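What follows is each chain in one-letter form.
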Amino acid sequence: MFLRVERLTKRFGGLLAVNDVTFSIEQGKINAIIGPNGAGKSTFFNLISGLHRPTSGTITFKGRDITRLPANERAKLGIARTFQTTHLFEQATVMDNVIIGHRLRTSSNLFDAILRTKRHRREEQACKEKAMEVLDFVGLTDVADRMVANLSQEQKKRAAFALALATDPELVLLDEPAAGINPDETEGLEELIVNMVQRGLTVCLIEHKMSMIMKIADRIMVLNYGEKIAEGTPEEVKNNEAVIQAYLGGSAIA
Amino acid sequence: MAILEKRRLWLAALIAAAILFPLFVANGYYVHMMTISFIWMIAVYGLNLFAGYTGYLSLAHAGFFAIGAYALGILTVKAGWPFWLAFAAACLLTTLIGVFVGLVALRTKEHFFAIYTLCVGYIIYLIIDKWDSLTGGVRGFIGIPAPADIGPLSFQTPAAQYYLVLFFLLVVVWIMHRLVYSLTGRTYIAIRNSEELALTLGISTMKNKLASFVLSVFFTSLAGALYASFIRFLGPDIAYVSVMFDFLTYLLVGGIGTLAGPVVGTLLVTFLSQQLQFLQDYRMLIFGPVLTLLIIFYPHGIAGGIIRLKAKRGEARRLQLEARQASAELAAASRQERSERYAKEG
């Protein structure tokens, strides 16, 4: 079992954001989470990546219980994520943004930095090389020296991917990667995601663009009001009565 | 590379000017003013490390400045410790207090952190003001010795003290320079940029924030200890909120989160307030609007504004170059097409 979520619940005061969800992410696959706005998808991601603590339930990653582990420790275990809004530092270059992605695999501290020790120089070099490697993978080598503020929305998304990939992850959580970009660019991102899986990574993504999900996802989970209402292959989910109801409202029989 | 060389040249010239300053300026008053400015700069660098590079506005730093100053005073005068031992102990003690304050304060974020540290600063002021038997309270604390000799080096003259302070300032700038361009500095900037993103990148934000806060307190306590040995008289006023806002003004005018900011801002503001001395308190009528305008139009201060302008120009030049290249390629392609067509038509 790669990542398994068991009876996960998150309550914000009176609001039940995620309710008793059991789900597993399959290794080497593209796992998708869909659902109407406010269904609890992002909260679910925050629970897996460790930004929120669950009210109850457990999360196990590669056989290890990580329910109480802080986000930075989970990243070290190999769980990376991107955000809906990319969170990049706009006033710095792409390269400068991505270098920090490999920081978790380094150990030099304040004193190494001030004294510029061998370890620091070696690790700095490793971070730069890693950044070049992932920028090459996402196709941003040409704009590595550009300021993030001057990139297109799609390029920013790719830079955010690069940053996540620089952490050497095994599982990448993508929160609405195709939001705010045009259909042509979406195709480019689809290709990139498929490439990531072919490289041996496992992907779990939240997305609203159905055409994209139906095309690339191996498995889909559908959330509505914090509850899992369906799970299966794109074909199964597409024809599921409860899903159609959740999206269109009322009865699906027309 | 040319840019780096040019920057190095500028830096060398600046340091040379600072070294030659007391030799060419006979007026002792200016040397005194400059020494004080250097001390403020060290404190502002401390503030800059945490507020500018790590993204947390600490308003307790005047308090740490005062703790450093009073600790030196108390250890030399009341405990009779040798000067340099007391100097080191004063900085370490303040830094230690910084660790404890940081452990609690860093549980809060953003404006809550600012408010919390503002309160810490005020509590420090109150303690200094009310603890008569230790600090002398409102009467002040007098008789602090000047820095003791180190071997053949004596610090009794104003010029010697000027060089001593300059030395510490250069060390602080050097450390800051190393730090900012290192992995550790990048880590701090990542936290400033987005704490959530930093966490999911595997960065222990608490550990890094604490390290940055503690080093920033250390710099400020160093400035405080230097202040005590230079002015040799202390009043509780140095822990007061107005000193804190002076630091902040220097930093904002010069450029928060820039390496040159603390130097530029401190020099400019102290020079201006000297020039406007004849206006007495009315000089705030000029200062206030100027500061407001600066923050509206140059939120990153003078140094930050210049950096951004240069970056923009570089980007524009690059785009222009790319456009020119593209049009040249296009022209070449159409030329080739035309010649091929001619060849075909024979």
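Residues numbered from 1 in each chain as written. Chains lettered and ligands numbered in written order. Predicted model: local features only at pLDDT ≥ 70, side-chain atom pairs only at ≥ 80, totals over all residues. Heavy atoms only, no water.

Chain B is annotated in an unreviewed UniProt entry as Branched-chain amino acid ABC transporter permease from Geobacillus thermocatenulatus. According to the UniProt record, the Subcellular location (unreviewed entry) comment for chain B is "Cell membrane". (UniProt positions renumbered as here; feature names shortened; annotations may be inferred.)

Under an unreviewed UniProt entry, the name given to chain A is ABC transporter ATP-binding protein, and the organism recorded is Geobacillus thermocatenulatus.

**Points about the overall build of chain A**
Within chain A, the secondary structure is distributed over 10 helices and 10 strands. Since a compact globule built from 254 residues should have a radius of gyration of about 18 Å, the 19 Å found for chain A is in line with a globular shape. Overall, chain A is about 70 × 40 × 30 Å in size when its C-alpha atoms are taken along their principal axes. The burial tally for chain A puts 54% of its 254 residues in the buried class. (Helix = DSSP H or I, 4+ residues; strand = E, 2+ residues; numbered from the N terminus. Rg over C-alpha atoms; globule rule 2.2 N^0.38 Å. Buried < 20%, exposed > 50% of the residue type's maximum accessible area, 1.4 Å probe, protein only.)

**Focus: the sheet that holds strand β10 (residues 227-232) of chain A**
Residue and element names in this part refer to chain A. Taken in spatial order, the 6 strands of this open sheet run β6-β7-β8-β3-β9-β10, and their pairing is mixed. Since the sheet does not close on itself, it has two edges, and those belong to β6 (79-81) and β10, each with one partner. On average, each strand axis in the sheet is inclined to that of its neighbour by 20 degrees, with strand direction left out of account. Alignment of strand β9 (residues 219-224) against β10, held across 5 bridges, turns out to be antiparallel. Pairing of Val 222 across the sheet is with Ala 230, part of β10. Along the sheet, helix α1 (residues 41-49) makes contact with β3 (30-34), β6, β7 (171-175), β8 (202-206) and β9, crossing β7 at roughly 150 degrees. Helix α10 (residues 241-248) rests against β3, β9 and β10 of the sheet, and its axis sits at about 125 degrees to β10. (Pairing = 2+ DSSP bridges. Axes fitted to C-alpha atoms, helices over the stretch in contact; angles between N-to-C directions. Contact = heavy atoms within 4.5 Å.)

**So, the side chain of A:Glu190**
Residue and element names in this part refer to chain A. Note on placement: Glu 190 falls in helix α7 (residues 183-198). Residue classification places Glu 190 among the buried positions, given a relative accessible area of 8%. Ignoring any residue separated from it by four or fewer positions in sequence, one finds Glu 190 in contact with Met 212, Lys 215 and Ile 216.

**Here we look at the sheet that holds strand β1 (residues 3-12) of chain A**
Residues and elements named next belong to chain A. In spatial order, the strands read β2-β1-β4-β5; together these 4 strands make up an open sheet with antiparallel pairing. Because the sheet does not close on itself, it has two edges, and the strands there are β2 (15-25) and β5 (64-65). Bridging between β1 and β2 involves 7 bridges; their strand directions are antiparallel. Bridged to Leu 8 within β2 is Val 21. The sheet contacts of α1 involve β1, β2 and β4 (56-61), and relative to β1 the element is tilted by about 120 degrees.

**Overview of helix α3 (residues 61-78) of chain B**
Residue and element names in this part refer to chain B. For α3, spanning 18 residues, the distance from its first C-alpha to its last is 25 Å, which sits close to the expected 26 Å at 1.5 Å a residue. Counting buried positions along α3 gives 16 out of 18 residues, so the element sits mostly inside the fold. Positive backbone phi, at 70 degrees, marks Gly 80, one or two positions downstream of α3. (Expected span 1.5 Å × (residues − 1).)

**Some details on unusual backbone geometry**
Residues and elements named next belong to chain A. Phi is positive for Arg 7, which is not a glycine, with a value near 45 degrees. With phi around 50 degrees, Tyr 225 is a residue other than glycine that occupies positive phi space. Following the sequence through the fold, Tyr 225 ends up in the loop between β9 and β10.

**Focus: the confidence of the model for chain B**
Averaged over every residue, the pLDDT of chain B is 90; residues scoring 70 or more account for 99%. Scoring of the predicted complex yields 0.90 for pTM and 0.90 for ipTM. (pLDDT = per-residue confidence, 0-100.)

**Some points on the packing of helix α2 (residues 28-53) of chain B against helix α10 (residues 205-231) of chain B**
Residues and elements named next belong to chain B. At their nearest, the axes of α2 and α10 sit 7 Å apart, and the two run at 165 degrees to each other. Put simply, α2 runs roughly antiparallel to α10. Considering the relative orientation of α2 and α10, their crossing is left-handed. The class makeup of the residues in the contact of α2 with α10 is 18 nonpolar, 6 polar and 1 charged. (Parallel < 35°, antiparallel > 145°, perpendicular 65-115°, else oblique. Left-handed = near helix turned anticlockwise from the far one by under 90°. Nonpolar A, V, L, I, M, F, W, Y, C, P; charged D, E, K, R; others polar.)

**Digging into the interface of chain A and chain B**
Between chain A and chain B, the contact holds 37 residues from the first and 31 residues from the second. Each partner contributes to the roughly 3,000 Å² buried at the junction of chain A and chain B, and carbon and sulfur atoms together form 61% of this total. Here chain A and chain B share 2 salt bridges between them. Put simply, A:Asp96 and B:Arg186 hold a salt bridge, and the shortest N to O gap is 2.9 Å. (Buried area = accessible area lost by both parts, 1.4 Å probe. Salt bridge = Lys/Arg side-chain N within 4 Å of Asp/Glu carboxyl O.)

**Thoughts on the side chain of A:Thr106**
Topologically, A:Thr106 is positioned in the loop between α3 (94-99) and α4 (110-115). Classification of A:Thr106 as buried rests on a relative accessible area of 14%. Within the structure, the side chain of A:Thr106 is placed 2.6 Å from the backbone oxygen of A:Arg103, a separation counted as a polar contact. Non-local contacts of A:Thr106, meaning those with residues more than four positions away in its chain, are made with A:Glu123, A:Cys127 and B:Leu183. (Polar contact = N/O pair within 3.5 Å; in protein donor to acceptor, adjacent residues only side chain to side chain.)

**Quick look at the domain arrangement of chain A**
It is common to report an interface's size as the accessible area lost on association of the parts. Residue and element names in this part refer to chain A. Domain annotation for chain A reports domain 1 (1-78 + 173-181 + 202-254) and domain 2 (85-168). On a C-alpha basis, the centroid separation for the pair domain 1 and domain 2 is 28 Å. Each partner contributes residues to the interface: domain 1 has 9 residues there, and domain 2 has 6 residues. Surface buried jointly by domain 1 and domain 2 totals about 600 Å² across both partners, of which 66% is contributed by carbon and sulfur atoms. By the criterion of area lost to domain 2, the three top residues of domain 1 are Lys 76, Pro 177 and Ile 181, representing 54% of everything that side buries. Applying the counting criterion to the domain 1 and domain 2 interface returns 0 salt bridges. Taken together, the residues of the side of domain 1 that touches domain 2 break down into 5 nonpolar, 2 polar and 2 charged. (Domains from an automatic or database assignment.)

**Some thoughts on the domain arrangement of chain B**
Residues and elements named next belong to chain B. Considered domain by domain, chain B is made up of domain 1 (12-299) and domain 2 (300-346). Look at where the C-alpha atoms of domain 1 and domain 2 centre, and you get two points 48 Å apart. Counting each side, the surface lost to burial between domain 1 and domain 2 is near 630 Å², with a carbon and sulfur contribution of 71%. Per-residue buried area on domain 1 facing domain 2 is highest for Thr 258, Tyr 298 and Pro 299; these three make up 49% of the total on that side. One can count 0 salt bridges joining domain 1 with domain 2. One can count 5 residue pairs in polar contact (both at pLDDT 80 or more) joining domain 1 with domain 2. Residues that form the side of domain 1 that touches domain 2 fall into these classes: 8 nonpolar, 4 polar and no charged.

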